[in-house]
Amino acid sequence: MVLARCCFPASVKMNVALLACLVALVGICLARSDAPRGVAVPFVFDLKATCDPRCQHAGICIRNNTCFCSRGYEGETCQYANCYPKCKNGGECLRPGKCRCPSGFGGKYCHKVKCDSGCWNGGDCIAVNGVAKCICPSSWTGSKCQEAICPQGCRNGGSCMAPGICSCPEGWLGGACHTAVCHRPCLNGGKCLSPDSCRCRPPYSGPHCEERKVF
Ligand SMILES: *[C@@H]1O[C@H](CO)[C@@H](O)[C@H](O)[C@H]1NC(C)=O
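Residues numbered from 1 in each chain as written. Predicted model: local features only at pLDDT ≥ 70, side-chain atom pairs only at ≥ 80, totals over all residues.

Asker: Explain the overall build of the protein chain here, please?
Answerer: Counting secondary structure elements, the protein chain contains one helix and 20 strands. The proportion of buried residues among the 215 residues of the protein chain is 19%. Relative to all contacts within the protein chain whose residues are 6 or more apart in sequence, the contacts with residues 24 or more apart total 11%. (Helix = DSSP H or I, 4+ residues; strand = E, 2+ residues; numbered from the N terminus. Buried ≥ 20, exposed ≤ 12 C-beta atoms within 10 Å, placed from the backbone. Contact = placed C-beta atoms within 7 Å.)

Asker: Sorry, what's going on with the pairing of strand β5 (residues 92–95) here?
Answerer: Summarising the sheet, β5 and strand β6 (residues 98–100) pair through three bridges and their orientation is antiparallel. Counted as the bridge partner of Cys93 is Cys99 from β6. Taken together, β5 and the strand that follows it, β6, pair antiparallel across an intervening segment of two residues, in which Gly97 is found at a positive phi of about 75°. (Pairing = 2+ DSSP bridges.)

Asker: When you look at the pairing of strand β10 (residues 131–135) in this model, what are you seeing that I'm missing?
Answerer: Each regular strand displays side chains that alternate between the two surfaces of the sheet. Pairing geometry for strand β9 (residues 124–128) and β10, over five bridges, is antiparallel. Within the sheet, the bridge partner assigned to Val128 lies in β10 and is Val131. Hairpin connection from β9 to β10: two residues lie between these consecutive antiparallel strands, with Asn129 at a positive phi of about 50°.

Asker: What exactly am I supposed to notice about the environment of Ala132 here?
Answerer: Counting through the fold element by element, Ala132 comes out in strand β10. Once you skip the residues sitting within four places of it in the chain, Ala132 turns out to touch Gly104, Val113, Lys114, Cys115, Cys125 and Ala127.

Asker: Please explain the confidence of the model for the protein chain as it appears in this structure.
Answerer: Note: predicted coordinates in regions of low pLDDT should not be interpreted at a detailed level. On average, the protein chain scores 82 in pLDDT, and the residues at 70 or more come to 80%. The weakest mean pLDDT in the protein chain belongs to helix α1 (residues 14–31) at 38; the strongest belongs to strand β14 (residues 165–167) at 97. Here residues 1–41 scores under 50 on pLDDT; set against residues more than four positions off or in separate chains, the count is 30 contacts. (pLDDT = per-residue confidence, 0-100.)

Asker: Would you mind going over the environment of Gly171 with me for this structure?
Answerer: Relative to the elements of secondary structure, Gly171 occurs in the loop between β14 and β15 (172–173). Overall, the presence of 18 C-beta atoms within 10 Å leaves Gly171 in the partly exposed class. A C-alpha to C-alpha distance of 7.7 Å links Gly171 and Asp196, two positions 25 residues apart in sequence.

Asker: Help me understand unusual backbone geometry in this model?
Answerer: The phi angle of most residues is negative, glycine excepted, and most peptide bonds adopt the trans form. The linkage connecting Asp52 with the following residue, Pro53, adopts the cis geometry, with an omega of 0°. Topologically, Pro53 is positioned in the loop between α1 and β1 (60–63). Omega for the peptide link from Tyr84 to Pro85 comes to -5°, which places this bond in the cis form. Here Pro85 shows up in the loop between β4 (80–81) and β5. With phi around 55°, Asn65 is a residue other than glycine that occupies positive phi space. Here Asn65 falls in the partly exposed class, since 13 other C-beta atoms lie within 10 Å of it. Even without being glycine, Cys110 reaches a positive phi, approximately 60°. Here Cys110 is to be found in the loop between β7 (105–106) and β8 (112–113). Owing to 22 C-beta atoms within 10 Å, Cys110 belongs among the buried residues under this scheme.

Printed below as a string of structure tokens:
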């Protein structure tokens, strides 16, 4: 052990100098709040030690080529972060306790499946054969449960906006957009079959069945 000529000139009694140096070292060690618990301090360390490659992540070089790692790191040069519990499902430990999860997994330890774009409208993300998938409530469908289901269908170019509710194009009405709108009514028993278009009962004709044909 080389206790460096750090503290006192030779004139001071050696045993006092040694004691003071040790106290100083213990102080340094205890002050390192991230030192692992359970390691007996003071440990022997060489102030002249060199570590090549250098100790990373604030590790201390305690003997030639021996690093003492900060809490949360391990490896020859303290190059690896520790994650406890370990990152699951192929996650990578980025820094102590912080996992980077592969796509499809989430949670602190990548232990949960995750639907990357989320599940909407109350869908649940679950693993199906190891692949994250949204399970949608009835009346919603699509990969994210983003599409409403209209059991009655939406006809004539209507689109399903919410469960059972169609948004109808101009000129159509009704739950399934099945009713045409004729702004001027069809007269004489005619029927509005498509927007502003009447089907007339004989002998009537004309745009609104207002004309009576003369034979
Ligand atoms: C540590 O390494 C240095 C230089 O590489 C050397 O001078 C020194 O003697 C070594 N110390 C020990 C304790 O081996």
